[in-house]
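Spelled out, the chains give:
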Amino acid sequence: MRFAILGETRAWRDDGAEVPLGGPARRALLALLLVRPGEVVSADRLADEIDPDGALSAHALQSQVSRLRTALGSASLIERAGAGYRIAADDDDVDACRFERLAQEGRAALRDGDAGRAVALLREALELWQGPALAGLAESRTAQAAAVRLEERRLGALEDRIEGELRLGEHRAAVAELRELVGRHPLRERLAGLLMRALFAEGGQAEALVVFEETRRHLADELGADPSAELVALHRELLSADPSPSLAAPPAQLTSFVGRAGEVAEVAELLRVARLVTLAGPGGVGKTRLSVEVAAVAADDVCFVELAPLRDGAALAQVLLGALGLRENGLHLGDGGQNPVDRLIGALSDRLLLLVMDNCEHLVEEAAALVARLLAACPRLRVLTTSREPLGIIGENLWQVRPLDDEAAARLFTDRARAVQRGFAGDPRTVRRICAALDNLPLAIELAAARLRTLHIDDLAGRLDDRLAVAARGSRTADGRHRTLRSVVAWSWELLSEPEQRAARWFTVFAGGATAESALRVCGTDGETLESLADKSLLEVSGGRYRMLETIRAYGAEQLDAAGEREPARRAHARHVLELVRAADPRLRQAGQLEWLAVLAAEHADLLAAVRWAVEAREVETALRLLASASTYLWIRGAAASVAPQAIMLLNHLGAADSVGAAVPDGLGEEYVACVLLAASGETGRPVWQRHRAQAEKALAAAWSGAEPGRYPAVLLPWMMRNASEADPHGAFALVSSQRGRSEPWVRAVAEYVWGFGLLGEGDGTEAERGFGAAAEGFRSLGDRWGTALALDTLASLAGARGDRATAIALTDEALTLTEELGALEDAADLLVNRGDHLAGDDAAAARADYAKAADLARRAGSATSLAAAVRGLGDIALLEQDLTEAERLYTEALERIDPYWIRSLGNRVRALAGLGRVAEARGDGAAARSRYREIAESAAVIGASTTDALRLMGLPESLVEAVILLR
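Starting afresh in each chain, residues are numbered from 1 along the sequence in its written order. Reporting in this predicted model follows two pLDDT cut-offs: at least 70 for local features of residues, and 80 or more for side-chain atom pairs to be given and counted; totals over whole chains, interfaces and linings ignore these cut-offs and use all residues. Note: side-chain values were computed over all heavy atoms of the structure, leaving out hydrogens and water.

What follows concerns the overall build of the protein. Only DSSP runs of H or I covering at least 4 residues are called helices, and only runs of E covering at least 2 are called strands; the numbering of each starts at the N terminus. Within the protein, the regular secondary structure consists of 45 helices and 13 strands. In this description, contact between two residues means that some pair of their heavy atoms is separated by no more than 4.5 Å. Residue pairs at least 24 apart in sequence account for 69% of intrachain contacts in the protein once pairs closer than 6 positions are excluded. Using a 1.4 Å probe, accessible areas were evaluated by the Shrake-Rupley method; residue-level cover was limited to the displayed protein chains. Within the structure as shown, the protein displays about 40,200 Å² of accessible surface, and the carbon and sulfur contribution to it stands at 49%. We count Lys and Arg on the positive side and Asp and Glu on the negative side, and we leave His and both chain ends out. Here the site of a charge means NZ on Lys, CZ on Arg, CG on Asp, or CD on Glu. Taking the average location of the 112 positive side-chain charges in the protein and that of its 141 negative ones, the two points are 2 Å from each other.

As a further point, take the sheet that holds strand E3 (residues 41–42). Note on sheets: strands pair through backbone hydrogen bonds, and any given pair is parallel or antiparallel. Pairing is antiparallel across the open sheet formed by 3 strands, whose spatial order is E3-E5-E4. Strands with a single pairing partner mark the edges of an open sheet, and in this sheet they are E3 and strand E4 (78–81). Two strands are counted as paired when DSSP detects at least two bridges linking them. Of the pairings in the sheet, the one linking E4 to strand E5 (residues 84–87) comprises 4 bridges and is antiparallel in character. Paired with Glu 79 across the strands is Arg 86, a residue of E5. For every element, the axis is a line fit to its C-alpha atoms; helices are fit only across the contacting stretch, and the angle between N-to-C directions ranges from 0 to 180 degrees. Strands in contact with helix H1 (residues 24–34) are E3, E4 and E5; relative to E5, the strand with the most contacts, it is inclined by about 75°.

The next thing to look at is the nonpolar core. Nonpolar cores were defined as sets of buried Ala, Val, Leu, Ile, Met, Phe, Trp, Tyr and Cys residues, with membership established by side-chain atoms within 4.5 Å. Categorising residues by exposure relies on relative accessible area from a 1.4 Å probe, with only protein chains included: less than 20% of the type maximum marks a residue as buried, more than 50% marks it as exposed, and the intermediate range marks it as partly exposed. By size, the foremost hydrophobic cluster in this structure holds 168 residues, and its most contacted members are Trp 719 and Trp 786. When residues no more than four places from it in sequence are discounted, the contact partners of Trp 719 are Val 673, Leu 677, Trp 689, Arg 693, Ala 696, Glu 697, Leu 700, Ala 732, Leu 735 and Val 736. With 76 residues, the next largest nonpolar core counts Ala 47, Leu 102, Leu 134 and Leu 194 among its residues.

A side chain with one charge can pair with a side chain of the opposite charge if their charged atoms come near. Criterion for a salt bridge: a side-chain nitrogen of Lys or Arg within 4 Å of a carboxyl oxygen of Asp or Glu. Scanning all chains against the criterion turns up 70 salt bridges. A salt bridge links Asp 92 to Arg 101, with the shortest nitrogen-to-oxygen separation between them at 3.1 Å. Judged by relative accessible area, Asp 92 falls into the partly exposed class, the value being 37%. A salt bridge links Arg 802 to Asp 804, with the shortest nitrogen-to-oxygen separation between them at 3.6 Å. Here Arg 802 falls in the partly exposed class, since its relative accessible area comes to 46%.

Taken across its 9 residues, helix H32 (residues 716–724) has 7 buried, putting it largely inside the fold. In the core, the buried residues of H32 are packed alongside helix H28 (620–637), helix H30 (669–680), helix H31 (685–703), helix H33 (730–737), helix H34 (745–761) and helix H36 (785–801).

As a further point, take the pairing of strand E9 (residues 381–387). In terms of residue burial, E9 counts as a mostly covered element, since 6 of its 7 residues are buried. One ladder, built from 5 bridges, connects strand E6 (residues 276–280) with E9; its direction is parallel. Among the inter-strand pairings, Thr 278 is bridged to a residue of E9, identified as Thr 385. As judged from the 5 bridges shared by strand E8 (residues 353–358) and E9, these two strands associate in the parallel manner. Bridging across to E9, Leu 354 finds its partner in Arg 382. A crossover gets the label right-handed when its path from the first strand over the helix to the second runs clockwise, viewed with the strands pointing away from the viewer. After leaving E8, the chain enters helix H15 (residues 364–377) and then returns to the sheet as E9, a path that is right-handed.

Spatially, the 3 strands line up as an open sheet ordered E11-E13-E12, and their pairing is antiparallel. Pairing within the sheet leaves two strands with one partner each, and these edge strands are strand E11 (514–515) and strand E12 (540–542).

Our focus in this paragraph is the packing of H1 against helix H2 (residues 43–50). Packed helices, taken two at a time, are described by their axes: the angle between them and the distance between them. Running from N to C, H1 and H2 point in directions that differ by 130°, and their axes come no closer than 10 Å. By the angle between their axes, H1 is oblique relative to H2. H1 and H2 meet at a crossing whose hand is right-handed. Between H1 and H2, the residues in contact are Ala 25, Ala 28, Leu 29, Leu 32 and Leu 33 and Leu 46, Glu 49 and Ile 50, respectively. Residue polarity follows a fixed list, in which Ala, Val, Leu, Ile, Met, Phe, Trp, Tyr, Cys and Pro are nonpolar, Asp, Glu, Lys and Arg are charged, and the others, Gly among them, are polar. Along the lines of polarity and charge, the residues of the contact of H1 with H2 split into 7 nonpolar, no polar and 1 charged. Throughout this description, any angle smaller than 35 degrees is read as roughly parallel, any larger than 145 degrees as roughly antiparallel, any in the 65 to 115 degree range as roughly perpendicular, and the remainder as oblique. What makes a crossing left-handed is the near helix being turned counterclockwise from the far one by less than a right angle; a clockwise turn instead makes it right-handed.

Bringing the packing of helix H7 (residues 171–184) against helix H8 (residues 189–201) into the picture now. Contact geometry of H7 with H8 gives a least axis separation of 9 Å together with a crossing angle of 145°. H8 is crossed by H7, and the crossing has left-handed handedness. Every residue of H8 that contacts H7 at His 171, Val 175, Leu 178, Arg 179, Leu 181 and Val 182 is listed here: Leu 191, Ala 192, Leu 194, Leu 195, Ala 198, Leu 199 and Ala 201. Grouping the constituent residues of the contact of H7 with H8 by class yields 11 nonpolar, 1 polar and 1 charged.

Okay, the environment of Gly 778 next. If you trace the backbone, Gly 778 turns up in helix H35 (residues 765–782). Exposure remark for Gly 778: the relative accessible area of 18% places this residue in the buried category. Spatially, the C-alpha atoms of Gly 778 and Pro 403 are 62 Å apart, while their sequence positions differ by 375 residues.

This next bit is on the side chain of Arg 260. Its location among the elements puts Arg 260 in the loop between helix H10 (229–240) and helix H11 (261–273). Whenever two N or O atoms come within 3.5 Å, that pair is a polar contact, provided that in protein one can donate a hydrogen and the other can accept it, and provided that, for residues adjacent in sequence, both atoms are side-chain atoms. Separated by 2.8 Å, the side chains of Arg 260 and Glu 263 make a polar contact. Here Arg 260 is in contact with Val 285, Leu 290, Val 401, Arg 402, Pro 403, Leu 404 and Pro 442, once residues within four sequence places are set aside.

Turning next to helix H23 (residues 527–535). Buried residues of H23: Thr 529, Leu 530, Ser 532 and Leu 533, and no others. Buried residues of H23, viewed axially, fall in a sector of 160°; they line one side. Looking at the buried side of H23, the elements it contacts are helix H21 (498–507), helix H22 (516–523) and strand E13 (545–547). For H23, the capping residue at the N-terminal end is Asp 526, with a side-chain oxygen 3.2 Å from the backbone nitrogen of Glu 528. Note that the arc is computed from the directions linking the helix axis to the C-beta atoms.

Quick look at the packing of aromatic side chains now. Each aromatic pair joins two rings of Phe, Tyr and Trp (for Trp, the six-membered one) with centres within 6.5 Å, and gets the label stacked for planes under 30 degrees apart, edge-to-face for over 60, and tilted for any other angle. One pass over the structure, following the stated rule, counts 10 aromatic pairs. Here Trp 746 and Phe 779 contribute two aromatic rings whose centre-to-centre distance is 5.9 Å and whose plane-to-plane angle is 65°, an arrangement assigned as edge-to-face. Placement of Trp 746 in helix H34 and of Phe 779 in helix H35 is noted, with a sequence separation of 33 residues between them. When sorted by exposure, Trp 746 lands in the same class as Phe 779, which is buried. Pairwise contacts between aromatic rings join Trp 746, Phe 779 and Trp 786 into one cluster. Two thresholds decide whether a charge sits over a ring: the Lys NZ or Arg CZ must be within 6 Å of the ring centre and within 35 degrees of the ring normal. The side chain of Arg 502 reaches across the aromatic face of Trp 506, ending 4.1 Å from its centre. Above the face of the Trp 746 ring, Arg 589 is positioned so that its terminal group lies 5.5 Å from the ring centre.

What follows deals with the pairing of E6. For E6, the buried fraction is high: 5 of the 5 residues fall into the buried class. Here E6 shows two buried faces, one formed by Leu 276, Thr 278 and Ala 280 and the other by Val 277 and Leu 279.

Despite not being glycine, Asp 439 shows a phi value in the positive range, around 60°. Along the chain, Asp 439 turns up in the loop between helix H17 (428–437) and helix H18 (442–450). Under the relative-accessibility criterion, Asp 439 is labelled buried at 5%. Notably, Asn 440 is not glycine yet its phi reads approximately 55°, a positive angle. You can see Asn 440 is positioned in the loop between H17 and H18.

Averaged over every residue, the pLDDT of the protein is 86; the share at 70 or more is 91%. The quantity known as pLDDT measures the predictor's confidence residue by residue, on a range of 0 to 100. Long-range and interchain partners of residues 470–477, a stretch whose pLDDT sits below 50, account for 8 contacts in this model, where long-range means more than four residues apart.

Moving on to the environment of Arg 167. Within the fold, Arg 167 resides in helix H6 (residues 141–167). Classification of Arg 167 as partly exposed rests on a relative accessible area of 45%. Taking C-alpha positions, Arg 167 is 35 Å from Trp 786, a pair spaced 619 residues apart along the chain. Not counting residues within four places of it along the chain, the set of residues in contact with Arg 167 comprises Leu 110, Gly 113 and Ala 115.

For the rest of this paragraph, the subject is the environment of Val 715. Within the element layout of this structure, Val 715 appears in the loop between H31 and H32. Spatially, the C-alpha atoms of Val 715 and Leu 867 are 29 Å apart, while their sequence positions differ by 152 residues. Setting aside anything within four residues of it in sequence, one finds Val 715 in contact with Trp 635, Val 673, Ala 674, Leu 677 and Leu 700.

Take a look at the structure:
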């Protein structure tokens, strides 16, 4: 017989027939005997555990045994043994015993390196489970103890099986299961480690680091323990891996590619010898799809940028930075004086990359200028553009994308027809006639074929003949084909119902596509209508988002204007975006930070579109609220400069801040402050900041002076950072640090952080460290990686300054994890430099590795300042090794790259000057050394602390600190 206790207790005869066991008492009796087959279980224990209330007498137990024997059909199967009973069953007849044997064999195979055999054995073992072990015996101590043991072994077998699958390369399939398991067992470190490995293997380094951080927090909160040495080692391994930002991928294609395989090969070959290729042709001819297919076969890294939603050519460089996965500034909100084009050139100067820029025609002048500059400065870069007209720059190779040939057009029509009409087999002559009438344009063919869901092919052909009677005759130039395509779009549009037409034209206000929820709310429609528009090829659906091809979107926008609905549609869109960013704002300062950053990143183009509309329409209140509500996201993501032009325009609408002040609407003072800070983040923001700073400070003080806190806590942090470089930042420090008594935890953490800097300026390093520590704990308890990373970075600097290198390294490691989770590449580079500085005295080789990796990250981020810091560190190592020539070269290069006016560059500038001074001393040139030390003293005085404290905080050796003080 076969028995099961992994789930409901059951039994089967050899012929497969299940045994009717009867009531719960008999099932419990059998289960207790099967926990350890062949072992005697006393009658007293059986009676007590079957009925803990004591109602089951010895006679009643004997009666249950007798009935069970009768049910099983073998009197000898359950034997009387002394004062108890046992079941005469082999281990392999019981699913639990068989499970344990298979799990043990699977683990042994895994240990021996045979992952394939291990996975097969473990899957067989786990398939034996049909529910919780020993179900129905919740009051039995024996059964529950056995159930706990079996469940633990089941989890171990699951972990072994998943580890085997990861060794076999099955990472993608394992991620979802591991997420669910980690959610149910947050303290189980092996599961966390497996999930980290699976995520990393799929390119999710930041997500893997998030898992470690969450596990670390769970262990600390619930057990008061640190992660195991194994998990910490895995964490370090992932940290040491290359955290390159992810590039924007081509849009996912949901349909087969028909008719251009030869062109794909030819364009790909052309790109091997030419650095700029433009796919030119009319709308709907297939330029985008051809570029996607070319990108798919490229040997280099590929970055795909869709420019159709972009309306302001001045923002082109910022859009490219975003597509490259790069931030416009670091977590400290500074950019080191670099504009977006400089950042792009720095990031691409030595990178092997194919940059695909889709739909350049409406920005052709700006695209041409930027592409020309990038190609001139970045010798390993290749560019593929799509446009209705050439860029017109030297070196451009034009590839005219023409309509499909007759055979390919017919195949495309048939392929798309079969997607909506199973078994479609239209008359080939009719198909060719339809395609010819459509000029063999792919988009027109797809729109027409989608109509076969409701039309017969002959009816479709007749209607198209009527519609295209004019466009199908005469010129087959690009203009003629454009008329054909427009006619087909119009015809397809007219066949929509009124609710479908309204939803389609309102959908055109979305700049970057939309989730179903967003589309339903803004368009005022239902899910059935959206699905119908997708069925008819007016919308595409991919990755949970709806999008509209630009040709159709342009036509729909005309219909929106004709219906007089542009303003209400834009207003509805802006209102929806405002609701979204408002809902996200507090969550961006909590544990869900990464998830909500991803949500808003997907809506970034629509945020920009909503802000632009509100500013241009002079909807001042809406624009101010949008900017303020989105400010936390923009600062954490490093994208504040993307809204700077609109913020500046909005401030101009309010009026210049003179003796009277800008005309800020009542009750919107905080929103005005956020607008000023965002405006100041752009290239031309400095004059705006100087003009509005005083009035903004009054508005912020008014908002945060009462008993109730302000509405936008995140404004406090950039306000302090922006003011830190001012000649007199004390007012800003006082304003923010005065919030230490607030009940809102994030505000208290910010206030402690700022208070710490105030104490540092007064020379009280001990109290300052307490403030930064309180800030770090406050941010960490909320799950805010942004604030935690900032506070930990400062704490590490203080620990290093007092000589506690071990603490400094540990704090820097934690900060590094958080910055990489946030995708802050240049901050990660800075932290690697800091860690290298702490390591240099004890482990020069490890320090050199950190400096070299930091230099690589800084180059990829296009950050001259971070690169300068890394080069300065490499100079320190060269000096340590007495290579004076190399040290001098590196220090000089660092000084050339450093912005001398940016306060965050001050420490590296001082250390580079100190290095040059020590090189001069080693060569016996005392005058040159003294000159460098005088420059250091002048630089150190800038930060407001005593010169001695400032130099120590910058990491200078005590002997150099004393030399500088003497010279001062």
